[in-house]
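Residues per chain are reported as follows:
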Amino acid sequence: RAKSAGGNRFELADPEADARAITRHGLTTALPAALERGEFFIEYQPLVHLGDGSVRGAEALVRWLHPQHGVLGPDRFIPLAEHTGLIVPLGRWVLEQSVRQVGHWRERCGEPGPLRINVNLSPCQLTHPGLVQDTVDILERAGVSPEALCLEVTESALIGADDDLLKPLRRLAEMGVDIALDDFGTGYSNLANLRRLPVSVLKLDRSFTQSMQQFPADPVDLKIVEGIVSLAHSLDLAVTVEGVETGAQAEQLRILGCDTAQGWYYARPGPPDRLHELALVDATG
Ligand code: C2E
Ligand code: MG
Ligand code: MG
Ligand code: MG
């Protein structure tokens, strides 16, 4: 599809890139109707205490059941939703569903102790003026206490953050909502800067977990994780590790002092009832 006539010159088309662009465009324009038609759903992945193996809560991970393309992961559509601003209503929907879900879990089982829910926030949601009020309303409507909620913000979203950006997070933290720094260790944030941020949890990026594949792991990586954990604990932050796929990784990270873990070794993301079952099985042995 090369066109050389006239003033407009087009490069020779790369059919695959074309197809990708068309899908991207198609997905982007389909997003608002998808939200209205209820094509999004949430899977929950357990967060497990490394010390005793008990299920403490779950992270909510959104998926799109697309009528033609099947189930699409968030990496396929969250960037598009961020680009168009649809992430604000979509994110609000995820928050509302997730908070209601943790309310149900808490009602149904006092047994394993109060489960908690982690919800991811996009940078666009952070700068949206309705964030604090929306969150308060959602918690109230569901009758769920703020302590049951942890909002995950990526480290990169907070790099160089000024006070205006941090204000809503501070308000939420004062209310009792936990703030976690997601994918920690992938950005270039100044460690001393951590003190300034209203965060109470560090989620160590999966790349660290991957380097714990061998037992014992690479000594330099071990030192780095050890250093992060000791810094985090001295600042009163809990450390969660993501992407734990093997028992050896779990054991190594437990020895290094990490508090909570998440990964395929424990469970893949799944429907809400499965989380409830895992928590119960775990409580009754
Ligand atoms: P994340 O918040 O870092 O979530 C962890 C990702 O790691 C999830 O991918 C999860 O399925 C995957 N994972 C969990 N355990 C393992 C493991 O053992 N091995 C490997 N290889 N992967 C594991 P997922 O569900 O595809 O989500 C990708 C990203 O999309 C999330 O990364 C998060 O940044 C974003 N996301 C998901 N749901 C939402 C949402 O509701 N709102 C926003 N703004 N972003 C979301
Ligand atoms: Mg996350
Ligand atoms: Mg993460
Ligand atoms: Mg990650």
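About the cut-offs
Residues numbered from 1 in each chain as written. Chains lettered and ligands numbered in written order. Predicted model: local features only at pLDDT ≥ 70, side-chain atom pairs only at ≥ 80, totals over all residues. Heavy atoms only, no water. Donors = N, O, S within 2.8 Å, 3.2 Å for Na, K, Ca; no water. Helix = DSSP H or I, 4+ residues; strand = E, 2+ residues; numbered from the N terminus. Buried < 20%, exposed > 50% of the residue type's maximum accessible area, 1.4 Å probe, protein only. Phe/Tyr/Trp six-rings, centres within 6.5 Å; stacked < 30°, edge-to-face > 60°. Polar contact = N/O pair within 3.5 Å; in protein donor to acceptor, adjacent residues only side chain to side chain. Expected span 1.5 Å × (residues − 1). Arc of directions from axis to C-beta. Contact = heavy atoms within 4.5 Å. Near = heavy atom within 4 Å. Areas by Shrake-Rupley, 256 points an atom, 1.4 Å probe, with all protein chains shown as cover. 1 Å grid on protein atoms, 1.4 Å probe; cavity = no way out; pocket = protein on both sides within 12 Å on 5 of 7 lines; lining within 4 Å. Sits in = over half its atoms within 2 Å of the grid points. Points joined across faces, edges and corners; volume = space filled by probe spheres on them. Nonpolar A, V, L, I, M, F, W, Y, C, P; charged D, E, K, R; others polar. Axes fitted to C-alpha atoms, helices over the stretch in contact; angles between N-to-C directions. Left-handed = near helix turned anticlockwise from the far one by under 90°.

*Asks:* Whenever I open this one, the coordination of the magnesium ion (ligand 4) confuses me. Can you help?
*Replies:* In an ideal tetrahedron of four donors about a metal, each angle is 109.5 degrees. In an ideal octahedron of six donors, the angles are 90 or 180 degrees. Protein coordination of the magnesium ion (ligand 4) is provided by D183 (OD) and E242 (OE), with donor distances spanning 2.3 to 2.7 Å. The two metals, the magnesium ion (ligand 4) and the magnesium ion (ligand 2), are separated by 6.0 Å. Of this pair, D183 sits in strand β6 (residues 178–184) while E242 sits in the loop between β8 (238–241) and α10 (247–255), and the two are 59 residues apart along the sequence. Residue classification places D183 among the partly exposed positions, given a relative accessible area of 24%.

*Asks:* Can you walk me through the packing of aromatic side chains in this structure?
*Replies:* Each aromatic ring pair is described using two quantities: the centre-to-centre distance and the angle formed by the ring planes. Throughout the structure, instances matching the rule amount to five aromatic pairs. Judged by centre distance (5.1 Å) and plane angle (80°), the ring pair of Y44 and W105 falls under edge-to-face. Highlighted residues: Y44 in strand β1 (residues 40–49) and W105 in helix α3 (residues 87–108), separated in sequence by 61 residues. For the pair Y44 and W105, one class covers both residues: buried. Centre to centre, the rings of W64 and F77 are 5.7 Å apart; their planes meet at 90°, and the pair counts as edge-to-face.

*Asks:* Is there a simple way to explain the environment of S234 in this structure?
*Replies:* Turning to its location among the elements, S234 is positioned in helix α9 (residues 219–234). At 2.8 Å, the side chain of S234 and the backbone oxygen of L231 are in polar contact.

*Asks:* Before we go on, may I ask you to explain α9 in this structure?
*Replies:* Each α-helix turn comprises 3.6 residues. Residues three or four places apart therefore point the same way. In a regular helix each residue adds 1.5 Å, so 16 residues correspond to 22 Å; α9 covers 22 Å between its end C-alpha atoms and thus fits that length. Three or more residues of α9 are buried, namely L222, V225, I228, V229 and A232. Within α9, the buried residues cover an arc of 130° as seen down the axis, which keeps them to one side. Pointing more than 90 degrees away from the buried face of α9 are the exposed residues P219, V220, K223 and S234. Those residues of α9 that are buried are in contact with β6, β7 (201–204), α8 (206–210), β8 and α10.

*Asks:* Would you mind showing me how to read the site of ligand 1 here?
*Replies:* Within the structure, ligand 1 sits among 24 residues, and N120, S122, D182, E245 and W264 are positioned closest to it. Contact distances for ligand 1 include 3.2 Å between an oxygen atom and a side-chain N or O atom of D183. At 3.0 Å, a side-chain N or O of R206 approaches a nitrogen atom of ligand 1. Summarising the interface, the protein chains cover 85% of the accessible area of ligand 1, which totals 800 Å² for the free molecule. Judged by its atoms lying within 2 Å of the grid points, ligand 1 is housed in the largest pocket.

*Asks:* Got a minute to help me understand empty space enclosed by the protein in this structure?
*Replies:* One way to see where empty space is left: roll a probe the size of a water molecule over the atoms. A complete count under the given rule lists two cavities of 30 Å³ or more for this structure. Counted as a void, the largest cavity has a volume near 100 Å³. Together, V88, G91, R92, L95, L121, Q125, H128, L131, D134 and T135 line the largest cavity. Those elements that provide at least two residues to the lining of the largest cavity are α3 and α5 (131–142). When residues in the lining of the largest cavity are grouped by element, the largest group, four residues, is from α3.

*Asks:* Explain the coordination of the magnesium ion (ligand 2) here, please?
*Replies:* Protein coordination at the magnesium ion (ligand 2) comes from E59 (OE), N120 (OD1), E152 (OE) and D182 (OD), with a distance range of 2.0 to 2.2 Å. Coordination of the magnesium ion (ligand 2) draws on donor residues from a single chain, spaced E-x60-N-x31-E-x29-D in sequence. Distance-wise, the magnesium ion (ligand 3) is placed 3.6 Å from the magnesium ion (ligand 2), both being coordinated by D182. Of this pair, E59 sits in strand β2 (residues 55–66) while D182 sits in strand β6; the two residues are 123 residues apart in sequence, bridging distant segments of the chain. Given a relative accessible area of 5%, E59 falls into the buried group.

*Asks:* Please clarify how the layout of surface pockets should be interpreted in this entry.
*Replies:* Of the volumes computed, that of the largest pocket is approximately 1000 Å³. Together, 35 residues line the largest pocket, and E59, L61, P74, D75 and N120 are the ones closest to its centre. Put simply, the parts of the chain that give the lining of the largest pocket at least two residues each are β2, α2 (74–84), α3, α4 (123–127), β5 (149–154) and β6. Residue composition of the lining of the largest pocket, grouped by class: 13 nonpolar, 10 polar and 12 charged.

*Asks:* When you look at the packing of helix α1 (residues 15–37) against α2 in this model, what are you seeing that I'm missing?
*Replies:* Geometrically, a packed helix pair is captured by the angle between its two axes and the distance between the axes. Their axes nearest at 10 Å, the elements α1 and α2 cross at an angle of 65°. The two elements α1 and α2 meet at a crossing, and its hand is right-handed. On α2, the residues touching T23, R24, L27, T28 and L31 of α1 are R76, F77, L80, A81 and T84. Of the residues belonging to the contact of α1 with α2, the class tally is five nonpolar, three polar and two charged.

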